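Letter by letter, the chains look like this.
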Amino acid sequence: MLDKSYRPDEVEGKLYSKWMEQGAFACGRAKTDETYTIVIPPPNVTGSLHMGHALNNTLQDVLVRFERMRGKDVLWQPGMDHAGIATQMVVERQLGEQGVTRHDLGREKFIEKVWEWKGESGGQIFEQLKRLGATCDWDRERFTMDEGLSKAVRKVFVQLYKEGLIYRDKRLVNWDPKFHTAISDLEVEQQEVNGHMWHFRYPVEGEEGRFITAATTRPETMLGDTGIAVHPEDERYTDLVGKFAILPIVGRRIPIVADTYADPEQGSGAVKITPAHDFNDFEVGKRAGLEVINIMDESAHLNDTVPEAYRGMERFAARKKIVAEMESLGLLDKIEDHPHTVPYGDRSGVPIEPLLTDQWFADAATLAQPAIRAVEGGQTQFVPAKWTNTYYDWMRNIQPWCISRQLWWGHRIPAWFGPDGMIFVEETEEAAFAAAEAHYGRKEELTQDNDVLDTWFSSALWPFSTLGWPDKTPELERYYPTDVLVTGFDIIFFWVARMMMMGLHFMEEVPFHTVYIHALVRDEHGAKMSKSKGNVVDPLDLMDKYGADALRFFLSTSAAQGRDVRLSEQRAEGYRSLATKLWNAARFCEMNECKMPGGFDPFAVKETINQWIVGETVKCEVAVREALESYRFNDASNAIYAFTWNVYCDWYLEFAKLPFMGNDKAETQATAAWVLDQILKILHPFMPFVTEELWGSVAADRTSDLIVADWPVYPENAINLAAAEEMDWVQDLITGIRGVRSEMNVPAGAKIPLIFNGGSAEDKARLEKHWDIIARMARLESREIDAALPKGALQFVHRGATVVLPLAGAMDLNAEKARLQKEINNLSGYMAGLNKKLGNEKFVANAPADVVDGEKAKLADAKMQLAKLNDAAARLAEL
């Protein structure tokens, strides 16, 4: 006998361990040629489960459970990313607590410390994903720094270098002055600051008393200015183009050049150009042939290229000194308040500095071409399709990819320098020394590059390196290319595009045929979740409170294409009720001895209610299957929810109560059991724990667990259209009667008579056939056909017939009129208060947008409720 209530905390761990012990998640179980592969977006080894992970992995797990049940050989490939800068920061912080730096240890010892930390503390997110129910093939777990993936990284680097697609160059990069490394755009956060705009006057050479004014938010960079740009069509400066200005403080002659980057509508229309410290200025400098002067060191202190008084100064201290000196020289025109964005390192928390450094780059523009053509040709498609344009926009305007990082933790670049600076790029040190000996004609000392590769470089190889490449493994042959990638829009460029480039270059096939882009998880007001706002919701907390199934179902029902997920704990709690409803339905079936006898054929049942529910089951499976096949997770979830809660529990089991009390109940008992089994199968990908627990409990003769059971497949023409029409007629009639009772506030215990006038002979036959069900579910005491209308009756039209409900004897009409009028008065007063608040311009201007929207929503709801009350009062007045 099932327990009275479902307790997820007692079930989830037990079932997951059982699945693991049975190897239920392993690829290769299904003996079929049809495979289905997903590679997990590898979480950082430092990571902990957040709501974005929960959404991403819930959707992946829904897909792999669904396809596993459909008989495919499923591989959900797990793994972790070594997360270079994040991991190094964690270990350096721990060392700092002991008063030790990585430089005290040296590179080799420090890396040993990182591996120690990884073994002790890294990867906790996988245990958290298991709590969510994720069915990755955990025995195949990979790590971007493991030997197999490291071998792949080295091979790719060397091959691309020898093909001329990787090179070393001096270019501007995002430089983190705290961590002393280049970082990617994804690791840069734009923060709004209330800054200033300083307007400096630059003397024009040879024209005493004439100045050209340029504004800047970063006065510390002016010591590196090598030009001033004006728009070629700006007539104010036509005569100055080609002349020189004198850089104050430094005394350097800098040319005045024409470039469309200068905006005549902004400030003075003239722009100071510092090619070594601004990305836009770097491009202007290239076009104009300007000198590039780097004035900062790796800590963003001014270097020896600046006047002596400024050397060694921290950049913001230099800013103050420069402004003061410009003012003393009479060259500070004005200072304006100027809110603007400043790029910060997301982990260091300091403003990043565009810095000119020697770095390794990949020729992304060349690698991007096949990846663009693959999407244009439909080999890979984006869902929703709107993200295709985002992909094109990034790929068609792609810049060289800076792939080197000045860190110790990561894949060390396989490049060695000879005594004369000659570079030898090989997969092993032995091969590099052999190449050097062949080049020099003798043995020479070589020094390996200290830099490591960008974390995204190894991640770009993920779909094939995790399957054993560069070795020709059976797994690579069988599971590549993969099927779908489930990821967020923020890494379409950083990860998706790069996997496309690498997959096509090295495997000559796209890595996946579909990229499903899910939305962001926001708080219930639509705001982005962040620790600083205090609105972060921990998925582990929700699982503790409501169970993993409730969280999973909330996330899948919320995953509408193109719409962000608004996280509501109340909704997550509400989906726990679905598990409870299903549990109670199973207990009800158990108490009524609902079992399927051997050889039971649900498509041969005779009773109308059973024919109807079998057809509704088939409709549900079609809706869920087709929605999942097109990645409409919300539609799939809502379809099984509506069928389970409304169709099966609220209608069919209520219909079945009468047969259960009679002698001829075997068919209905078997049908109820069969439909419950179908629900467990169809719901399983979304709510795996409660369905598996019920699967093993409601029948003693199971030959396998639900996780490896077959997805339902039904015969063609399985829907009995006549039964569907008949039972829809019954439901509509009951619903109409219930609506009148509710609107008129008829006491729940009061039974009322029914008069059924007009309608077809078929309608009247249906009323007679199903009278016992209708009377019990609509609380009716009697029926008359084609009778006169009594006083105090309400009526409504049902499929061409007039349904008359005499209410006068079932309720106190005067008391009900008074109650309705009181509700109308109260609601009118409430609406007046809302209208007054929304009519207050000060409130609307100063209140947060979500608060104003909330008040408007309350008013709209109140208007709808008032309309219903007025309608009920009008109908009551007719009695």
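A quick note: this is a predicted structure, and the numbers were derived from the prediction, not measured.

**A short note on the overall build of the protein**
So, point 1. Per the secondary structure count, the protein includes 29 helices and 29 strands.
So, point 2. For the protein, the spread of C-alpha atoms along the three principal axes comes to 110 × 70 × 55 Å.
So, point 3. Each of the 879 residues in the protein was classed as buried or not, and the buried ones make up 52%.
So, point 4. Taking contacts inside the protein between residues at least 6 apart in sequence as the whole, the part at least 24 apart equals 77%.

**Some remarks on the pattern of salt bridges**
So, point 1. The full count for this structure, using the stated rule, is 59 salt bridges.
So, point 2. In this structure, the salt-bridge partner of Asp61 is Arg552, at a minimum N-O distance of 2.8 Å. On the criterion of sequence distance, the pair formed by Asp61 in helix α2 (residues 51-69) and Arg552 in helix α18 (residues 548-558) is long-range, its members being 491 residues apart.
So, point 3. Given the relative accessible area of 0%, Asp61 is considered buried.
So, point 4. Of the charged contacts, one joins Glu725 and Arg799 as a salt bridge, the two residues approaching to 3.0 Å between their closest N and O atoms. Here the residue Glu725 occupies a position in helix α24 (residues 721-743), and Arg799 occupies one in the loop between β28 (793-798) and β29 (801-806), the gap between them amounting to 74 residues.
So, point 5. Take Glu725: its relative accessible area is 36%, and that puts it in the partly exposed class.
So, point 6. Salt bridges linked by common partners bring Glu725, Asp732, Glu762, Asp763, Arg766 and Arg799 together as one network.

**Some thoughts on unusual backbone geometry**
Outside of glycine, negative phi angles account for most residues, and trans bonds account for most peptide bonds.
So, point 1. The step from Val383 to Pro384 runs through a cis peptide bond, and the omega angle for that step is -5 degrees.
So, point 2. The topology assignment puts Pro384 in the loop between β15 (381-383) and α11 (387-396).
So, point 3. Of note in the backbone geometry, Ala83 takes a positive phi value of approximately 50 degrees without being a glycine.
So, point 4. Within the fold, Ala83 resides in the loop between β3 (79-80) and α3 (84-97).
So, point 5. Overall, the relative accessible area of 5% leaves Ala83 in the buried class.
So, point 6. Located in the positive-phi region is Arg799, a residue other than glycine, with phi close to 50 degrees.
So, point 7. Residue classification places Arg799 among the partly exposed positions, given a relative accessible area of 37%.

**Quick word on the nonpolar core**
So, point 1. In terms of nonpolar packing, the biggest core is built from 157 residues, with Val624, Tyr648, Phe655 and Phe686 touching the most fellow members.
So, point 2. By residue number, the principal contributor to this core is helix α21 (residues 633-661), which donates 14 residues.
So, point 3. When residues no more than four places from it in sequence are discounted, the contact partners of Tyr648 are Ala585, Cys589, Ile613, Phe643, Leu653, Ala672, Val675, Leu676 and Ile679.
So, point 4. Listed in part, the 63 residues of the second largest apolar core include Ile166, Ile372, Tyr480 and Met501.

**Comments concerning helix α5 (residues 107-121)**
Turn by turn, an α-helix covers 3.6 residues, leaving residues three or four places apart pointing in a common direction.
So, point 1. Taking 1.5 Å per residue as the helical rise, α5 with its 15 residues ought to reach 21 Å, and the 21 Å between its terminal C-alpha atoms agrees with that figure.
So, point 2. For α5, the complete set of buried residues consists of Arg107, Phe110, Val114 and Trp117. Mapping the buried residues of α5 onto a view down its axis gives an arc of 80 degrees, with all of them on the same face. Pointing more than 90 degrees away from the buried face of α5 are the exposed residues Glu108, Gly119 and Glu120.
So, point 3. Each element contacted by the buried residues of α5 is listed here: α3, α4 (102-105) and β21 (452-453).
So, point 4. Following α5 by one or two positions, Gly123 has its phi on the positive side, about 80 degrees.

**Considering the pairing of strand β23 (residues 512-518)**
So, point 1. Most of β23 sits out of view: six of its seven residues are buried.
So, point 2. Direction of pairing for β15 relative to β23: parallel, over a ladder of three bridges. Each bridged residue has a counterpart across the sheet, and for Gln381 the counterpart in β23 is Thr514.
So, point 3. Pairing of strand β22 (residues 482-488) with β23, which is carried by six bridges, proceeds in the parallel orientation. By the bridge assignment, Val484 is partnered in β23 with Thr514.
So, point 4. One crossover worth recording links β22 to the parallel β23 by way of helix α16 (residues 492-507), and it is right-handed.

**Things to note about the environment of Asp483**
So, point 1. Of note, Asp483 is situated in strand β22.
So, point 2. In this structure the C-alpha to C-alpha distance between Asp483 and Tyr36, which are 447 residues apart in sequence, comes to 6.1 Å.
So, point 3. Setting aside anything within four residues of it in sequence, one finds Asp483 in contact with Thr35, Tyr36, Thr37, Phe512, His513 and Thr514.
So, point 4. A polar contact is formed between the side chain of Asp483 and the backbone nitrogen of Thr37, at a distance of 2.8 Å.

**Let's talk about the packing of aromatic side chains**
To describe a pair of aromatic rings, one takes the distance between the centres and the angle between the planes.
So, point 1. Going through the model one piece at a time under the given rule, you end up with 40 aromatic pairs.
So, point 2. Through a chain of ring-to-ring contacts, the aromatic side chains of Phe157, Tyr161, Trp360, Trp401 and Phe457 assemble into a single cluster.
So, point 3. Positioned above the aromatic ring of Tyr310 is the side chain of Lys321, whose terminal nitrogen or guanidinium carbon lies 5.4 Å from the ring centre.
So, point 4. Lying across the ring of Trp401, Arg498 places its NZ or CZ 4.0 Å from the centre.

**Details of the packing of helix α20 (residues 608-629) against α21**
So, point 1. Relative to each other, α20 and α21 sit at 170 degrees, their axes nearing to 9 Å. Taken together, the axes of α20 and α21 are roughly antiparallel relative to one another.
So, point 2. Its residues assigned to classes, the contact of α20 with α21 shows 20 nonpolar, two polar and two charged.

**Side note on the state of the cysteines**
So, point 1. On inspection of all chains with the given rule, the structure shows zero disulfides.
So, point 2. Cys589 carries a free sulfur, and the closest cysteine sulfur to it, the one in Cys594, is 4.3 Å from it.
So, point 3. Residue class for Cys594 comes out buried when judged on its relative accessible area of 9%.

The rules behind each value
- Residues numbered from 1 in each chain as written.
- Predicted model: local features only at pLDDT ≥ 70, side-chain atom pairs only at ≥ 80, totals over all residues.
- Heavy atoms only, no water.
- Helix = DSSP H or I, 4+ residues; strand = E, 2+ residues; numbered from the N terminus.
- Buried < 20%, exposed > 50% of the residue type's maximum accessible area, 1.4 Å probe, protein only.
- Contact = heavy atoms within 4.5 Å.
- Salt bridge = Lys/Arg side-chain N within 4 Å of Asp/Glu carboxyl O.
- Core = buried A, V, L, I, M, F, W, Y, C linked by side-chain atoms within 4.5 Å.
- Expected span 1.5 Å × (residues − 1).
- Arc of directions from axis to C-beta.
- Pairing = 2+ DSSP bridges.
- Right-handed = clockwise from strand over helix to strand, strands pointing away.
- Polar contact = N/O pair within 3.5 Å; in protein donor to acceptor, adjacent residues only side chain to side chain.
- Phe/Tyr/Trp six-rings, centres within 6.5 Å; stacked < 30°, edge-to-face > 60°.
- Lys NZ or Arg CZ within 6 Å of the ring centre and 35° of its normal.
- Axes fitted to C-alpha atoms, helices over the stretch in contact; angles between N-to-C directions.
- Parallel < 35°, antiparallel > 145°, perpendicular 65-115°, else oblique.
- Nonpolar A, V, L, I, M, F, W, Y, C, P; charged D, E, K, R; others polar.
- Disulfide = S-S within 2.5 Å.

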